[in-house]
Amino acid sequence: MSEVRLTVNGGEHVIDVPVGASLAHVLREELGLTGTKIACNEGHCGACTVQIDGVPRLSCIMLAHTVEGEVTTIEGLREHPLVDAFVRADAVQCGFCTPGQVVSAAALVAANPEPTREEIRHAMAGNICRCGTYPKIEEAILSWQD
Amino acid sequence: MELLRPSSVEELDGGVPVHGGTEVVPLLREGLLAAETLVDVRGLVPRGTRDGVIGAGTTLAELEVDPSIPSALREACRLAASPQLRNMGSLGGNLLQATRCWYWRLGYPCRLHGGDRCHARDGEHREHAIFANGFCASAHPSDVAAALVALGARLRTNRRELAIEELYRLPDEDDRRTTTLEDGELILEVELPSVQASVYLKAMDRRRWSFPQVGVAAARVGSETRIALAGVAPIPWRIESAEDLDKVTPLPRTEWKVPLAQALVRRALAAVD
Ligand SMILES: Cc1cc2nc3c(=O)[nH]c(=O)nc-3n(C[C@H](O)[C@H](O)[C@H](O)COP(=O)(O)OP(=O)(O)OC[C@H]3O[C@@H](n4cnc5c(N)ncnc54)[C@H](O)[C@@H]3O)c2cc1C
Ligand code: SF4
Ligand code: FES
Ligand code: FES
């Protein structure tokens, strides 16, 4: 076991986990933040996306012990207008990819509040939706300030 | 497993280097890489671009928007992997990524794992190589490496300076490795010559976020036009001219890559002309 210090959604945590534990594992199993999903567990799908200092990363392939910076998960974005925008645009089917989608989208609109469709497609390409809600996700991001 | 964070290259003493971990972590989890000690090298490897020298710790996301680097490298980074992976993955780590051959990833005892047969040659190989595929038919997955080979990049490690082409070797009976990097050797910097024009073109099975089926980089460097390909051989593959594509040795289900490579090479050459 080895100590990890994490700042998650503004709160400080000190946890003991073995080296090799992923950030996704620590968030879900140690901190109970189960909004971050694990689907492929190998970097392909984006379900586990979190922000580190505002930049989207994949928590399933990130060693908890190497995290430097503040972690923001979907739980930290509860009040973000994108959440409503996803609901308005009906951009959710099974919902499994949605937390990761919102985390990526929130980073995008923070850097670029009015992205074009092409910019949305480039920035959101790492979030796979098996239900195929892509057009609605695009609509949600285009209308998030409405 | 332990994690070390040495503060100088001199302190390095064994262990598996990890930078972004996008390759190391999945390989550890699958049991394809064994490590008692991981060494976080982020404090040792330079990051950022200065006068044509790029720190090997620079992320692909930083490079995809860097106006000071040749377009072939910028474009190879922009088209590689996904946004999250480009935010995490380093240039040095990208050059050292392992094959995506599914037999290798699933742990089949194939030649690259030290065994005596190439399961892909007799089995499923539609994503595999069309050059140098006699021993191992894997297709090198790095867009970035192909771009750097075409650009004539040189690498500086903690031990030597080498042309990027010397980083790679074809695996054979006596030595199954695909790189010449030694234990304890770290890639520190990538140096680029001045380039008049360059381009990277990539065919994928979907419009974005996919490994290269075939990637073609072309660059005009001095009086020379250099061409290198991703996804066609077990290592990044340099060809001297479009005619070299007549020397391919495709497998039954990789023949489709040949016309694809021909078309991309033709377009890439036209673009740097
Ligand atoms: C799902 C997925 C899709 C991808 N798609 C593409 C793609 O389309 N095109 C493409 O080009 N790439 C692709 N990649 C590869 C990706 O770009 C690399 O995994 C990433 O750049 C590796 O960087 P890293 O810092 O995370 O490396 P790490 O995982 O930290 O390390 C990778 C390897 O390099 C070694 N290492 C790391 N840094 C150094 C150093 N400075 N000196 C010596 N050794 C070092 C490590 O020991 C390890 O063997 C993909 C990867 C994944 C997981
Ligand atoms: S192509 Fe190479 S990695 Fe794949 S099965 Fe054959 S020997 Fe193994
Ligand atoms: S669970 Fe992390 S990318 Fe799929
Ligand atoms: S809503 Fe089901 S995977 Fe996206």
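Residues numbered from 1 in each chain as written. Chains lettered and ligands numbered in written order. Predicted model: local features only at pLDDT ≥ 70, side-chain atom pairs only at ≥ 80, totals over all residues. Heavy atoms only, no water.

### Brief notes about the site of ligand 1
Close to ligand 1 lie 35 residues, the nearest being Pro17(B), His19(B), Thr22(B), Ser90(B) and Asp143(B). With respect to ligand 1, the chains having nearby residues are chains A and B. Within the contact set of ligand 1, an oxygen atom lies 2.7 Å away from a backbone nitrogen or oxygen of Gly20(B). At 2.9 Å, a side-chain N or O of Asn94(B) approaches an oxygen atom of ligand 1. For ligand 1, whose accessible area on its own is 980 Å², the fraction buried by protein is 96%. Elements with a minimum of two residues in the shell around ligand 1: strand 2 (16–18), helix 5 (91–95) and helix 8 (143–151) of chain B. Sort the elements by how many residues they give to the shell around ligand 1 and strand 2 of chain B lands first, with 3 residues. A per-class count over the shell around ligand 1 returns 17 nonpolar, 13 polar and 5 charged. (Near = heavy atom within 4 Å. Polar contact = N/O pair within 3.5 Å; in protein donor to acceptor, adjacent residues only side chain to side chain. Areas by Shrake-Rupley, 256 points an atom, 1.4 Å probe, with all protein chains shown as cover. Helix = DSSP H or I, 4+ residues; strand = E, 2+ residues; numbered from the N terminus. Nonpolar A, V, L, I, M, F, W, Y, C, P; charged D, E, K, R; others polar.)

### Digging into the environment of Trp237(B)
Residues and elements named next belong to chain B. Relative to the elements of secondary structure, tryptophan 237 occurs in strand 12 (residues 237–239). Measuring from C-alpha to C-alpha, the distance between tryptophan 237 and alanine 139 comes to 9.7 Å, with 98 residues separating the pair along the chain. Here tryptophan 237 is in contact with Phe131, Ala132, Leu170, Ile227, Ala228, Leu229 and Val232, once residues within four sequence places are set aside. (Contact = heavy atoms within 4.5 Å.)

### Topic: the confidence of the model for chain B
Mean pLDDT over chain B stands at 97; residues scoring 70 or higher make up 100%. Among the prediction metrics, the complex's ipTM stands at 0.97, with pTM recorded as 0.97. (pLDDT = per-residue confidence, 0-100.)

### Some details on the interface of chain B and chain A
With 27 residues of chain B at the interface, the matching set in chain A holds 29 residues. Roughly 2300 Å² of surface becomes buried between chain B and chain A when both sides are summed, with 56% attributable to carbon and sulfur atoms. Close ionic contact of Glu68(A) with Arg42(B) constitutes a salt bridge, the shortest N to O distance being 3.6 Å. Connecting chain B to chain A are 11 residue pairs in polar contact (both at pLDDT 80 or more). Elements with a minimum of two residues in the side of chain B that touches chain A: strand 1 (2–4), helix 1 (24–29), strand 3 (37–40) and helix 4 (83–88) of chain B. Counted by class, the side of chain B that touches chain A contains 9 nonpolar, 6 polar and 12 charged residues. (Buried area = accessible area lost by both parts, 1.4 Å probe. Salt bridge = Lys/Arg side-chain N within 4 Å of Asp/Glu carboxyl O.)

### Remarks on empty space enclosed by the protein
All names here are of chain B. Scanning the entire structure with this criterion turns up 2 cavities of 30 Å³ or more. Within this model, the largest cavity holds a volume of roughly 80 Å³. Cys101, Cys110, Cys118, Cys136 and Ala137 are the residues nearest the centre of the largest cavity, which is lined by 15 residues in total. Of all the elements in the fold, those that place two or more residues in the lining of the largest cavity are helix 6 (102–105) and helix 7 (119–122). In terms of residue class, the lining of the largest cavity is built from 10 nonpolar, 4 polar and 1 charged. Considering only enclosed or pocket space, the second largest cavity measures out at about 70 Å³ in volume. Around the second largest cavity, the lining residues are Leu12, Gly14, Gly15, Val16, Pro17, Val39, Val41, Gly184, Glu185 and Leu186. Grouping the constituent residues of the lining of the second largest cavity by class yields 6 nonpolar, 3 polar and 1 charged. (1 Å grid on protein atoms, 1.4 Å probe; cavity = no way out; pocket = protein on both sides within 12 Å on 5 of 7 lines; lining within 4 Å. Points joined across faces, edges and corners; volume = space filled by probe spheres on them.)

### Structural notes on helix 2 (residues 81–88) of chain A
Residues and elements named next belong to chain A. Within helix 2 the residues assigned to the buried category are Leu82, Ala85 and Phe86. All buried residues of helix 2 project into a common sector of 100° when viewed along the axis, lining one side. Opposite its buried face, helix 2 presents the exposed residues Asp84 and Val87, each directed more than 90 degrees away. Tucked inside the fold, the buried residues of helix 2 contact helix 3 (98–111) and helix 5 (134–142). One or two positions beyond helix 2, positive phi appears at aspartate 90, with a value near 60°. (Buried < 20%, exposed > 50% of the residue type's maximum accessible area, 1.4 Å probe, protein only. Arc of directions from axis to C-beta.)

### Section: the nonpolar core
Counting 67 residues, the largest nonpolar core has Leu73(B), Leu95(B), Phe131(B), Leu148(B) and Leu229(B) as the members making the most contacts within it. For this core, the element with the highest residue contribution is helix 8 of chain B, accounting for 8 residues. If we skip the residues at most four places from it in the chain, Leu73(B) touches Ile54(B), Val144(B), Ala147(B), Leu148(B), Leu151(B) and Leu192(B). Counting 36 residues, the second-largest nonpolar core is a separate cluster that includes Ile15(A), Val16(B), Leu28(B) and Trp209(B). (Core = buried A, V, L, I, M, F, W, Y, C linked by side-chain atoms within 4.5 Å.)

### Considerations on the pattern of salt bridges
On inspection of all chains with the given rule, the structure shows 29 salt bridges over all chains. Between Glu138(A) and Arg117(A) there is a salt bridge; the shortest N-O distance is 2.8 Å. Residue Glu138(A) is found in helix 5, and its partner Arg117(A) is found in helix 4 (residues 117–123); the two are separated by 21 residues along the sequence. For Glu138(A), a relative accessible area of 9% translates into the label buried. For the salt bridge of Arg117(B) with Asp122(B), the shortest nitrogen-to-oxygen distance reads 3.5 Å. You can call Arg117(B) partly exposed: its relative accessible area is 40%. We classify Asp122(B) as exposed; its relative accessible area is 57%. What emerges from the salt-bridge pattern is a single network uniting Glu68(A), Arg5(B), Asp40(B) and Arg42(B).

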